[in-house]
Every structure is written in C-alpha cells, then in structure tokens.
Amino acid sequence: MSKLSHRLDGFGESVIRKMTRIANQHEAINLSQGFPDFDPPKALIEELQRVAIEGPHQYAVTWGAQNFREALAKKQEHFMGIKLNPDENIVVTCGSTEAMMTAMMAICDSGDKVAVFSPFYENYVADTVLCGAEPIYIPLKPPTFNFDKEELEAAFKAGAKALILCNPSNPTGKVFTKEELLDIAQLVKEYDAYVITDEVYEHIVFEPYKHHYFASLPGMFERTISCSSLSKTYSITGWRLGYVIAPKVIIDQCKKVHDFLTVGAAAPLQEAATVGLKLEDDYYKELTALYGKKRELFLSGLDSIGLKYFKPEGAYYVMVDIEEFGVSSDYEFAKRLIKEVGVAAVPGSSFFKEPVNQYIRFHFAKKPETLELALERLTQIKKHF
C-alpha cells in the first residue's frame, strides 16, 4: 500500500481533548478543556428556538450570512475602533479554529516560516505544519511571560513571514501591553511581515489590564489578520462560529480557502447568534465581572490549598506550578490527578516547545458550585503526590 502523508507523522491526539476524554471516563471535574457548564445568554437560546422552526435551514452566503456580517462589523467597529465593510473585511468561519487555518493558508506557502510564541495553544503549530510552513519559536519568560525583543527580531531575520499572536493568551492568561504590541508592530513593519491574531478572549480582561487590538495600532490593519469567535464571549463553544477580519486583499484570499475548506458556517446558528452581536455594552461589562468573580474564587481556593500559580490577567486559565511535587512527567501527573483526585487539568508541556514539565493548566469557566467542588477535591492533592 502506498505511504500516507508524512506531514502528519508528528501529530497525535490533541492533549486537551485527550484530557477531557480521560476525565469523562473517570467522572472527574473537567477543568482541562475550556468550555462553560452554564447557559448562553437567554436571548440567544430564545432566538435559537425560533430559528429551529422558522429557519433558515439551507446554505448561507459562503463567507457568512449578510445580517450576521453586518452585525459583526458594527460590533467590532465599536470595540476595535476601525471602520469595517461587512462585504470586504469579514469571513465567517466554523469557529476560530477554522479562522486560524484559513488565515494561515491565505498567506503561507510551503517552505515559509511562521513565528510562534511559546507557550502556545497547540493548534498553532499544527496549523503551521499543515500549511507546509516551519515554526520558529520565541520563548515567553515566566513569571510575566514577556518576550525578548531581540529574540523576536531574530525570528524575523530568519525569515518569519508572520507571527501568531494570542492575546489575551491561552494558556498563560497574559495580556500584552500596548508597549509590547508597538514593539511587535515596529518589527513587523521593518521586516515586511504579517500578524495573525487569536483574540477569542478579547472581552475577558481583568483590571487594571486592557486589551489592545493589534489591527488598531497605527499602520497595522493592512498587516493583520484578526481571528476570533463567539464561543467564549457568548458561552456557545458548540455553535462553532468564528470569523476573520482583514483588509480586502487578504479577505479575498480567505474567501477562497474557506469556500473549499468548509463551504460555510451553519446558517441557523448564524441567524440565532446575530442577536448576541447586538447586545449592549453592559453585557460585556457583566461578562468581565462574572469571570472576575470566578477567578477570585478559584485563585483564593488555590491559595488555601497552598498551590503556586501565575495570576491570569485575562482569559479564563491559570497555570499552576507543580514543581514542589517532584514529578518527572506532567502528563503522568495530570492522569493521576484525574484518577486519584477527580479533577482534570492539561499538562503544561503540551503548550511549550521548551522541555518544560512543571506546570499544569486549569480553567475556571464553570459555575461557582463546580469550582468549589473541584477545590474541595484538590485539597487532597498533597496526600496523593
């Protein structure tokens, strides 16, 4: 039999999804894969009920239903401070996962190089490799997870055509400062490169930190492919609605990729989600406050247990330092945590290019009672390790 594709030789099952599968097998509390256990806004559920009967049930326009794109353009104009044309600057995708791949395929050729900050969300490297490109890693240094500008410049000198920027960051919860973003912008302009942003946690940022859209920086809209989704903002991870925002010349490329990759996102879900895009600013303020309370609850519990962690500035993840337990494998630690303690986390090594084994990642996008039960179980952690 003829050999299969070599580009998949280095791939295995997603570590995050694997932890969920193991958690389900052992009925553990799943703080690994980042999805809520509470409902979306009531307005979205009610609209989905209506759409289930009235439709639409057939294909939407390939790059997104007109009313969805118009609502999204208006909403993102408001927050990004950039004038957007719903017909020229937006492609609606099947989640931000497809948005990232669409962006990568729109600008990368086989043999190109792409800069990736480490730690990183695991899909970024997969996207790079599947495009036939080569990742160049730039370390983010604990405990602040800042980058060295000279190391970033070295990546561009080595030929990086683009940088993938997750802000706020998964897995660290880092929110890049405006000064850091301006440093990136200066290098991007100097080396004639692009930035592909993953901004799915754009509305989950804790005081005193502030999210700055990279595309809104002077001269950067033309060099930025902004990727995001509705998943985290509206607690609808299963709806798989994402989008790409970029200049027309890039969006025209993205439309081609998207058309042949998935044809289009689900028409009924676009229709139902449009009401979410029209929510007032108070919704986003309440969302931040909601996650702020969850962060406070969970971190206070970790303090009581005596676990060390990096305090997240945004998103809903927390990296916990397990070095004190003297384990040689964070993966084995995470499996034992599921089986013996009943709480699921993601081994931190899955996010790092560097040989790092002393971190695990929890998420706190759960009901207070779920977090409290998880913390109660975690009080037993030092008895098992």
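See above for the structure.
Procedures and definitions
- Residues numbered from 1 in each chain as written.
- Predicted model: local features only at pLDDT ≥ 70, side-chain atom pairs only at ≥ 80, totals over all residues.
- Heavy atoms only, no water.
- Helix = DSSP H or I, 4+ residues; strand = E, 2+ residues; numbered from the N terminus.
- Rg over C-alpha atoms; globule rule 2.2 N^0.38 Å.
- Buried < 20%, exposed > 50% of the residue type's maximum accessible area, 1.4 Å probe, protein only.
- Areas by Shrake-Rupley, 256 points an atom, 1.4 Å probe, with all protein chains shown as cover.
- Lys, Arg positive; Asp, Glu negative; His and termini not counted.
- Charge placed at Lys NZ, Arg CZ, Asp CG, Glu CD.
- Pairing = 2+ DSSP bridges.
- Contact = heavy atoms within 4.5 Å.
- Right-handed = clockwise from strand over helix to strand, strands pointing away.
- Core = buried A, V, L, I, M, F, W, Y, C linked by side-chain atoms within 4.5 Å.
- Patch = residues over 30% accessible without salt bridge, like charges linked within 9 Å, V, L, I, M, F, W, Y side chains within 5 Å.
- Salt bridge = Lys/Arg side-chain N within 4 Å of Asp/Glu carboxyl O.
- Expected span 1.5 Å × (residues − 1).
- Arc of directions from axis to C-beta.

Description of the overall build of the protein chain
Broken down by element type, the protein chain carries 13 helices and 13 strands. Taking 385 residues into account, the globule formula puts the C-alpha radius of gyration at 21 Å, and the protein chain, at 21 Å, falls close to it. On the principal axes, the C-alpha backbone points of the protein chain span a range of 60 × 55 × 55 Å. In the protein chain, which comprises 385 residues, the proportion classed as buried is 56%. Accessible surface computed for the protein chain: about 16,700 Å², of which carbon and sulfur atoms make up 51%. If you average the places of the 43 positive and of the 52 negative side-chain charges in the protein chain, the two averages end up 2 Å apart.

Focus: the pairing of strand 13 (residues 359-363)
By the criterion of burial, strand 13 is predominantly enclosed, with 5 of the 5 residues buried. Of the pairings in the sheet, the one linking strand 10 (residues 317-321) to strand 13 comprises 5 bridges and is antiparallel in character. Looking at the pairing, Val-318 lines up with Phe-362 of strand 13. Here strand 12 (residues 346-347) runs beside strand 13; their pairing, made up of 2 bridges, is antiparallel. Across the sheet, residue Pro-347 finds its bridge partner in strand 13, namely Ile-360.

Considerations on helix 11 (residues 330-341)
Buried within helix 11 are the following residues: Asp-330, Phe-333, Ala-334, Lys-335, Leu-337, Ile-338 and Val-341. At its buried positions, helix 11 is contacted by helix 1 (15-25), strand 11 (343-344), strand 12, strand 13, helix 12 (368-378) and helix 13 (381-384). Within two residues after helix 11, Gly-342 carries a phi angle of roughly 90°, on the positive side.

Brief notes about the pairing of strand 6 (residues 194-198)
Of all the 5 residues making up strand 6, 4 are buried; the element is thus mostly covered by neighbouring parts of the structure. Following the backbone out of strand 5 (residues 160-166), through helix 7 (residues 178-190) and into the adjacent parallel strand 6, one traces a crossover that is right-handed. Alignment of strand 6 against strand 7 (residues 224-229), held across 4 bridges, turns out to be parallel. Residue pairing for strand 7: Thr-197 is matched across the bridge by Ser-226.

Considering the nonpolar core
Of all hydrophobic cores here, the largest spans 64 residues; its most connected members are Phe-68, Leu-230, Tyr-291, Phe-298, Leu-337 and Phe-362. Sequence-distant contacts of Phe-68, defined by excluding residues within four places in its chain, comprise Val-92, Leu-230, Leu-241, Gln-270, Ala-273, Thr-274 and Leu-277.

Concerning a negative patch on the surface
A cluster of like negative charges, contributed by Glu-280, Asp-281, Asp-282 and Glu-286, occupies part of the molecular surface. Structurally, the position occupied by Glu-286 is in helix 10 (residues 281-305).

Comments concerning helix 7
Given a rise of 1.5 Å per residue, 13 residues ought to cover 18 Å, and the 18 Å separating the end C-alpha atoms of helix 7 matches this to within 8%. Turning to helix 7, its buried residues are Glu-180, Leu-181, Ile-184, Ala-185, Leu-187 and Val-188. The arc that holds the buried residues of helix 7, viewed along the axis, is 165°, so those residues lie on one side. Of the exposed residues in helix 7, those oriented more than 90 degrees away from the buried face are Glu-179 and Lys-189. For helix 7, the secondary structure elements touched by its buried residues are strand 3 (113-118), helix 6 (149-157), strand 5 and strand 6. Among the residues trailing helix 7, Asp-192 stands out with phi positive, at a value near 50°.

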